[in-house]
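Overview (structure and organization)
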Amino acid sequence: MSAGALAIIVALASAAQAAPSQRTAEASVTILRPLAITNSANLSFGRVQPQGSVDGGTATISPAPPVTRTTDRAAGLSGGGETPAIRGIVGEPTRVYRITLPATVTSSQGGYPVTAFRLWTANRGDITATGLGQLSGTGQDTLRIGATISFPKGAKQDVFTANVPITISYE
Amino acid sequence: MGDYGLRGVGYPLGMTFGPTMILRTLSMVLVGFGTGAQAADSIAIDNSTVPAMGKVAAGSITSTFTVDGSTGAVVGATGNAVRVKSPGTVSTPTITVTCAPCSGNAASRTMTVTVTSTGSGRATITSFTRTNMSSGVTFGGSVTGSPLIFTILFPSGSGSPTASFRLGMTVQVANSGATGVRSLPYQISTSRP
């Protein structure tokens, strides 16, 4: 065999042993816009005159527009600016999000229990049962939170408000 | 040379080759080389599309998540991005490399493995970690890095020994940029002297 042919063979053999190997792979992640909340209005039951002689009077604000206030063993008076809590929510368009909130908060005036929260969103309507809202195609929604305040015996007339902390997260 | 199909060609060494013989011999060499290439070092990945980290709500600052190669657990490492209602663990890839042919001295049986992130954009892999290394071989070099470069010394003897490891990684998600599914490509390569 000629030296040239042998050199070729040796070169090819060397090349085969040193041949690098390579593979590609691909992990993935789905990135969403962060959810953000803006506060448009705090929950207010407006000016209410509880029947101080009895226990268990209530005032209820409905979440859906227009604002509706109902009372039981209490009188709803004017000039109190009653409104559900209203929050603006922005995030990833069309994504479903979950709203969580405490079962009870206390009113800023008198420390009376505020319960029975009801949720309404611009995109889905009443979502009290599920707590699931959905962002619009532009990534927006408006959440309105209604609730009921309960008055003990001896409660005085006042404008009753409450801070309702909420947490939202993507579903 | 025996690995390249020259046995039985019928031209004893020392015999003078004419042009035809040389061409035939070279043809055999090339065929043999093809056979040899099939037995070359190789890389196998049990799942080339993992880890799939699921949804992450971006943070206000650049954030990182670490995927544990052994357990598949994903934890937020830095920043304030949040994984969204996702399983606690994800699948991680198992990489198996084969040394073939694998003979000679230690240097020639030592494979260098390089794992490199090849992506760019809002989400990228910033670090790799090897875990669950197989036994019967000797791993050396870095455990974590980007690129992650380490060596595997295969045992002496014939055959095509394999070694395997699992891959964990750290993924960075920037606080701004396009949303949606982002691929995190990476490349595994091997070489031997």
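Bear in mind the structure is a predicted one, so any value in this text is a computation, not a measurement. Counting restarts for each chain: residues are numbered from 1 in the order of the written sequence. Each chain gets a letter, beginning with A, and each ligand a number, beginning with 1, in the order they are written. Restriction of local features to residues with pLDDT of at least 70 applies here, the model being predicted, together with a cutoff of 80 or more for giving and counting side-chain atom pairs; totals for whole chains, interfaces and linings are based on all residues.

**Focus: the overall build of chain A**
Note the threshold: Strands are runs of DSSP state E lasting at least two residues, helices are runs of H or I lasting at least four, and both sets are numbered from the N terminus onward. Buried residues are those with 20 or more other C-beta atoms within 10 Å of their own C-beta, exposed residues have 12 or fewer, and partly exposed residues lie in between; C-beta atoms are placed from the backbone. Note that contacts rest on C-beta atoms placed from the backbone: two residues are in contact if these are within 7 Å.
Scanning chain A from terminus to terminus reveals one helix and 15 strands. Buried positions account for 33% of the 171 residues belonging to chain A. When contacts within chain A are restricted to residue pairs at least 6 apart in sequence, long-range pairs at least 24 apart make up 73% of them.

**Let's talk about the sheet that holds strand β5 (residues 82-83) of chain B**
Short version of the rule: Following DSSP output, two strands are said to pair if at least two bridges run between them.
On the basis of which strands lie adjacent, the open sheet formed by seven strands has the order β5(B)-β2(B)-β1(A)-β13(B)-β7(B)-β11(B)-β9(B) and mixed pairing. In this open sheet, the two edge strands, each paired with only one partner strand, are β5 and β9 (138-141) of chain B. As defined by bridge partners, β9 of chain B adjoins strand β11 (residues 148-153) of chain B across four bridges and the pair is classed as antiparallel. Looking at the pairing, Phe139 of chain B lines up with Ile152 of chain B of β11 of chain B.

**Remarks on the environment of Gly111 of chain A**
Tracing the sequence through the fold places Gly111 of chain A in the loop between β9 (105-106) and β10 (113-121). Along the chain, Gly111 of chain A and Gly133 of chain A lie 22 residues apart, while their C-alpha atoms are 30 Å from each other.

**A closer look at the pairing of β11 of chain B**
All names here are of chain B. The side-chain alternation of β11 yields one buried face, formed by Leu148, Phe150 and Ile152, and one unburied face, formed by Ile149, Thr151 and Leu153. Of the strand pairs in this sheet, strand β7 (residues 110-117) and β11 are connected by six bridges, and their pairing is antiparallel. The residue of β11 that forms the bridge with Val113 is Phe150.

**Focus: the environment of Ala57 of chain B**
Examined against the element boundaries, Ala57 of chain B turns out to sit in strand β2 (residues 52-57). In the structure, Ala57 of chain B is positioned 98 residues away from Pro155 of chain B in sequence and 47 Å away in space, judged by C-alpha atoms.

**Some words on the confidence of the model for chain B**
Residues and elements named next belong to chain B. Stated precisely, the cut-off is as follows: pLDDT expresses how confident the predictor is about each individual residue, on a scale running from 0 to 100.
Mean pLDDT over chain B stands at 84; residues scoring 70 or higher make up 79%. Within the model, the stretch residues 1-17 combines pLDDT values under 50 with 31 contacts to residues more than four positions away or in other chains. Predicted confidence for residues 21-38 stays below pLDDT 50, and this span has 27 contacts to residues more than four positions away or in other chains. Reported confidences for the modelled complex are a pTM of 0.75 and an ipTM of 0.78.

**Quick word on the sheet that holds strand β6 (residues 74-77) of chain A**
Residues and elements named next belong to chain A. Threshold: Inter-axis angles, ranging from 0 to 180 degrees, are taken between N-to-C directions of lines fitted to C-alpha atoms, where helices are fitted over the stretch in contact.
The three strands are arranged β6-β3-β14 in an open sheet whose pairing can be described as antiparallel. Where the open sheet ends on each side, the last strands, each with one partner, are β6 and β14 (158-162). Along the sheet, successive strands turn relative to each other by an average axial angle of 45 degrees, direction set aside. Sheet topology note: the strand β3 (residues 43-50)/β6 ladder contains four bridges and is antiparallel. From the neighbouring strand, Val48 faces β6, where its bridge partner is Gly76.

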